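Below are the chains, spelled out letter by letter.
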Amino acid sequence: MTGREVHRVSATGSYRGTLVALDRLVEQGIVEARRVGQAREYRLNEEHLAHSALTAALAAFTPRADLDDRLRALVHQHLADDQHLSLAYFGSFARGEAGVDSDIDLLLVVPDGTADDTTDRIVADLEVRGQRWTGNEVQVYATRHADLARAVAAGDPIVAEWQRDAVTILGPTIQRLLEAPR
């Protein structure tokens with residue numbers, strides 16, 4: 001795999017950080033590198049003494065899936081209506097371009113009748129707990145279906161970003177909600 005491929009598959013950190021980590025692993029003999037054209041190709045050294053332990057640890061390490069599960073569970077503590085509730089990543093985290101200092105942007109779409117205090121509690125929990133889980137600041141853009149429809153109709157620029165980048169964690173996809181606003 002090239003460094004870019006390793007970064008994409010890892011879905012965490014910055015590309016530059018991935019290259020630094022790979023270089024350290026090469027120095028330790030855990031990873032082997034060879035030049036292929038302009039790129040470097042990396043391969044796990046299966047003969048290294050740490051190989052079996054690393055393989056087992058990496059198989060168990062699924063930060064993105066674990067974060068998805070925690071976010072879904074947290075939202076379900078407040079609201080259980082998956083048919084009219086959506087949660088999605090957008091921005092650099094959704095695109096796989098987030099760096100160590102990047103924030104995590106979330107779009108929360110709640111049913112139209114949801115009380116403001118319920119929405120505020122969900123947003124506060126997502127921001128506080130999300131930061132504790134990841135070390136990154138979490139910013140939540142919360143809206144109702146009717147407000148989402150108005151943003152689409154008004155041509156709000158953020159709608160194009162959601163359409164392009166949103167990665168849905170819970171409920172109907174954001175792209176589906178944007179195509180058929182209520």
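Refer to the preceding data block for the structure.
Residues numbered from 1 in each chain as written. Predicted model: local features only at pLDDT ≥ 70, side-chain atom pairs only at ≥ 80, totals over all residues. Heavy atoms only, no water.

(A) Focus on the overall build of the protein chain. Across its full length, the protein chain carries nine helices and six strands. Each of the 182 residues in the protein chain was classed as buried or not, and the buried ones make up 35%. For the protein chain, contacts bridging at least 24 residues in sequence account for 58% of all contacts bridging at least 6. Of the roughly 10700 Å² of accessible surface on the protein chain, 51% is carried by carbon and sulfur atoms. Within the protein chain, one finds 20 positive and 28 negative side-chain charges whose respective centroids are separated by 4 Å. (Helix = DSSP H or I, 4+ residues; strand = E, 2+ residues; numbered from the N terminus. Buried < 20%, exposed > 50% of the residue type's maximum accessible area, 1.4 Å probe, protein only. Contact = heavy atoms within 4.5 Å. Areas by Shrake-Rupley, 256 points an atom, 1.4 Å probe, with all protein chains shown as cover. Lys, Arg positive; Asp, Glu negative; His and termini not counted. Charge placed at Lys NZ, Arg CZ, Asp CG, Glu CD.)

(B) Expanded view of the pairing of strand S1 (residues 31–36). In this sheet, strand S2 (residues 39–44) lies alongside S1 in antiparallel orientation, the contact comprising six bridges. When the sheet's bridge partners are listed, Arg34 is paired in S2 with Glu41. Between S1 and S2, which pair antiparallel one after the other, the connecting turn spans two residues, and Gly37 there sits at a positive phi close to 65°. (Pairing = 2+ DSSP bridges.)

(C) Region of the structure containing the pattern of salt bridges. Under the criterion given, the structure shown has 10 salt bridges. With a shortest N-O distance of 2.8 Å, Glu32 and Arg43 are connected by a salt bridge. Placement of Glu32 in strand S1 and of Arg43 in strand S2 is noted, with a sequence separation of 11 residues between them. Here Asp147 and Arg150 are joined by a salt bridge, their closest N and O atoms 2.3 Å apart. Note that Asp147 and Arg150 are positioned in helix H7 (residues 145–154) at a spacing of three residues, about one turn of the helix. Arg150 sits in the exposed class, given a relative accessible area of 52%. Members of the salt-bridge network, linked through shared partners, are Arg95, Glu97, Arg164 and Asp165. (Salt bridge = Lys/Arg side-chain N within 4 Å of Asp/Glu carboxyl O.)

(D) Seen up close, the environment of Glu41. For Glu41, the location among the structural elements is in strand S2. Spatially, the C-alpha atom of Glu41 lies 19 Å from that of Leu54, the residues being 13 residues apart in sequence. Not counting chain neighbours up to four residues away, the residues in contact with Glu41 comprise Met1, Glu32, Ala33, Arg34 and Val36.

(E) Molecular detail of the sheet that holds strand S5 (residues 138–144). Ordered in space as S5-S4-S3-S6, the four strands form an open sheet in which the pairing is mixed. This sheet does not close on itself; its edge strands, each paired only once, are S5 and strand S6 (167–170). Strand after strand, the sheet turns through a mean of 25° between neighbouring axes, direction not considered. For strand S3 (residues 86–90) and S6, the ladder comprises three bridges, and the chain directions are antiparallel. (Axes fitted to C-alpha atoms, helices over the stretch in contact; angles between N-to-C directions.)

(F) Spotlight on the nonpolar core. Judged by nonpolar contacts, the single largest core of 22 residues is most densely connected at Leu71, Leu87, Tyr89, Leu106, Leu108 and Leu126. Mapped onto this core, the elements with two or more residues apiece are helix H4 (63–78), S3, helix H5 (92–95), strand S4 (104–110), helix H6 (116–134), S5 and S6. Excluding residues that lie within four positions of it along the chain, Leu106 makes contacts with Leu71, Leu87, Ala88, Tyr89, Phe90, Leu126, Val138, Gln139, Val140, Tyr141 and Ile169. Among the nonpolar cores identified, the runner-up in size contains 12 residues, and Phe90, Leu107, Leu148 and Leu177 belong to it. (Core = buried A, V, L, I, M, F, W, Y, C linked by side-chain atoms within 4.5 Å.)

(G) The arrangement of the side chain of Asp165 in detail. Mapped onto the elements, Asp165 comes out in helix H8 (residues 157–165). Residue classification places Asp165 among the buried residues on the basis of a relative accessible area of 7%. A distance of 3.2 Å separates a polar atom in the side chain of Asp165 from a polar atom in the side chain of Arg164. With near-sequence residues (within four places) excluded, Asp165 lies in contact with Tyr89, Gly91, Ala94 and Arg95. (Polar contact = N/O pair within 3.5 Å; in protein donor to acceptor, adjacent residues only side chain to side chain.)

(H) Inspection of H7 at higher detail. The complete set of buried residues in H7 reads His145, Leu148, Ala149 and Ala151. Along the axis of H7, the buried residues cluster in a sector spanning 160°; they form a single face. Facing away from the buried side of H7 by over 90 degrees, the exposed positions are Arg150, Ala153 and Ala154. The secondary structure elements touched by the buried residues of H7 are S4, S5, H8 and helix H9 (174–179). Gly155 lies just past H7 and shows a positive phi near 70°. (Arc of directions from axis to C-beta.)

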